[in-house]
Amino acid sequence: MAFSLEINDRFASEFADPKVFELLLKESGTALQNLLSGKSPGSEFLGWVKLPQEIQQSELEKIHSEAQRFRKQSETIVVIGIGGSYLGAKAVIEASKPYFKTPSLGSPEIVYAGHHLDARYHSELLEYLENKEFSINVVSKSGTTTEPALAFRLLWDLAKKKYGAKAKDRIVATTDGSKGALRKMSEELGFTTFSIPDNVGGRYSVLTPVGLFPIAAAGVDIFSFCKGFSEAADFLISETSSHKNPACIYSAYRNLFYRSGKKIEVIANYNPSIRTLTEWWKQLFGESEGKQGKGIFPASVELTTDLHSLGQYLQEGERNIFETVLYSKNTGAKVLVPQDGDDLDGLNFLASKNLEEVNLQAFLGTLVAHSEGGIPCLEILFPDTGPNSLGQTMYFFELACGISGNVLGVNPFDQPGVEAYKKNMFALLGKPGFENLRESLRKKGV
Ligand code: PA5
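Since this is a predicted model, take the numbers as computed values, not measurements.

**Observations concerning the site of the ligand**
Next up, step 1: Around the ligand, a shell composed of 13 residues is seen, among which S85, S140, S142, T145 and Q283 lie nearest.
Next up, step 2: Contacts to the ligand include S85, whose side-chain N or O atom sits 2.6 Å from an oxygen atom.
Next up, step 3: A distance of 2.7 Å separates an oxygen atom of the ligand from a polar backbone atom of K141.
Next up, step 4: Contact with the protein chains covers 88% of the free accessible surface of the ligand, which is 380 Å².
Next up, step 5: Looking at side-chain class alone, the shell around the ligand contains 1 nonpolar, 9 polar and 3 charged residues.

**Some details on the sheet that holds strand β7 (residues 264-269)**
Next up, step 1: Taken in spatial order, the 5 strands of this open sheet run β1-β10-β9-β7-β8, and their pairing is mixed. The open sheet terminates on both sides in strands that have one partner only, identified here as β1 (6-11) and β8 (297-302). Between one strand axis and the next, the sheet turns by 25° as a mean value, whatever way the strands run.
Next up, step 2: The pairing of β7 with β8 spans 6 bridges and is parallel.

**Structural notes on the packing of helix α10 (residues 246-259) against helix α14 (residues 387-408)**
For any two helices packed against each other, the geometry comes down to the angle between their axes and how far apart the axes lie.
Next up, step 1: Packing of α10 against α14 leaves a shortest axis separation of 8 Å and a crossing angle of 45°. If you check the angle between α10 and α14, you find them oblique. Relative to α14, α10 is oriented so that their crossing is right-handed. Contact residues: α10 offers P246, A247, C248, Y250, S251, R254, N255, Y258 and R259, while α14 offers F396, F397, L399, A400, I403, S404, V407 and L408.
Next up, step 2: In the contact of α10 with α14, the residues fall into 12 nonpolar, 3 polar and 2 charged.

**Observations concerning the sheet that holds strand β6 (residues 192-196)**
Next up, step 1: Spatially, 5 strands are ordered β3-β2-β4-β5-β6 in an open sheet, and the strand pairing comes out parallel. The sheet terminates laterally at β3 (109-113) and β6, the two strands that pair on one side only. Between one strand axis and the next, the sheet turns through 20° on average, direction left out of account.
Next up, step 2: Pairing analysis gives 5 bridges linking strand β2 (residues 76-80) to strand β4 (residues 134-140), with the strands arranged parallel. In the strand pairing of β4, T76 is matched with F134.
Next up, step 3: The strands touched by helix α6 (residues 146-163) within the sheet are β2, β3, β4 and β5 (171-176), with β4 carrying the most contacts at an inclination of about 155°.
Next up, step 4: Sheet contacts for helix α8 (residues 209-217): β2, β3, β4, β5 and β6; angle to β6, the most-contacted strand, approximately 135°.

What counts as what
Residues numbered from 1 in each chain as written. Predicted model: local features only at pLDDT ≥ 70, side-chain atom pairs only at ≥ 80, totals over all residues. Heavy atoms only, no water. Near = heavy atom within 4 Å. Polar contact = N/O pair within 3.5 Å; in protein donor to acceptor, adjacent residues only side chain to side chain. Areas by Shrake-Rupley, 256 points an atom, 1.4 Å probe, with all protein chains shown as cover. Nonpolar A, V, L, I, M, F, W, Y, C, P; charged D, E, K, R; others polar. Pairing = 2+ DSSP bridges. Helix = DSSP H or I, 4+ residues; strand = E, 2+ residues; numbered from the N terminus. Axes fitted to C-alpha atoms, helices over the stretch in contact; angles between N-to-C directions. Parallel < 35°, antiparallel > 145°, perpendicular 65-115°, else oblique. Left-handed = near helix turned anticlockwise from the far one by under 90°. Contact = heavy atoms within 4.5 Å.

Below, the structure written as structure tokens:
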């Protein structure tokens, strides 16, 4: 399949001054060339740019075959990770798998842990797993992040009690190739491991074993996913005209709206299966751009659900928002509205229409309403939610984010702000070495 994602600005261009847009397209084109030549800030983390074209078939096969072994022995696979170490995989799995399916040995469900610290969730998870055949994929690039490390300690303890000496066969660890507590522990305990390339940061890592192993373990075709990535890379990297390059166009609009006071970008979806894709998008853009007192705040809505809540704000609230709709053109489902003799609900005007058509008209009607209400609306349209389309879409967003962050004037590949809460949490929990900070927090009344 050729690159098939489209960006449509029919309800956005009227909000853009053509001269400013032209300038930002130019800046976006330069930013793309800087990314490709490794000249942009954070250049040590640019491994993802050409990864789709460089990834080895043998690596994909190794991941696939290990994932098949995991599937055979599991009714439930727990993916432990936080931020970039789980969102990409969760996004692809939820978008590609059926909404309702009873898991079984050989066709496991995927559940998640280590992405928060809620005691009740972890207690119920441990209880749930007691009677399940389960395996664990623990993912942490640094190998030291508290939330996943703690979840793994809890689940490893359960695995040892349940499976004894064979517990290690139930673990796959994805981490740094040489450093970190998880790497050390994996080597000492004999876990199967996959390494994360040094030059690929968490939120850009879905095409490494971070995303690929859990995606394959869920039964999703990683070869097709990877092909989608490389088709997108082939097109977006070689399209040097920023007027024709959707990643540059998206970056130009984002920066234009931001500079004109629209500080919030709301991503909207009309298919709940891509809800986590929009969560992944929020993490990608939020962590990449929100720094140095700058950056668009990325938010999300699920439509039509949220038209009955946040829809009111979008239509008539403060005009500091622009909207980007992520729309899958074909769900592959045919649900025809039945004719009803009595027509008591008055819906016979919809009889014989596919629900997909009803959803499409809701999308189009909302686009017009929101743009007439003063919200510029960009549309990003992709053919379906299969692995190839998802690969194309994710690469598009990664590249657009790298470009847009450069135009904004930040390093889109670091996240220094994430440390602030960690230090305070360690101090409050009594971690050795944090005594002074603990004292000063206590004086603040915490
Ligand atoms: O994008 C990022 O770099 C972060 O969101 C990380 O993925 C997240 O903090 C988890 O880090 P780690 O994989 O080191 O546990």
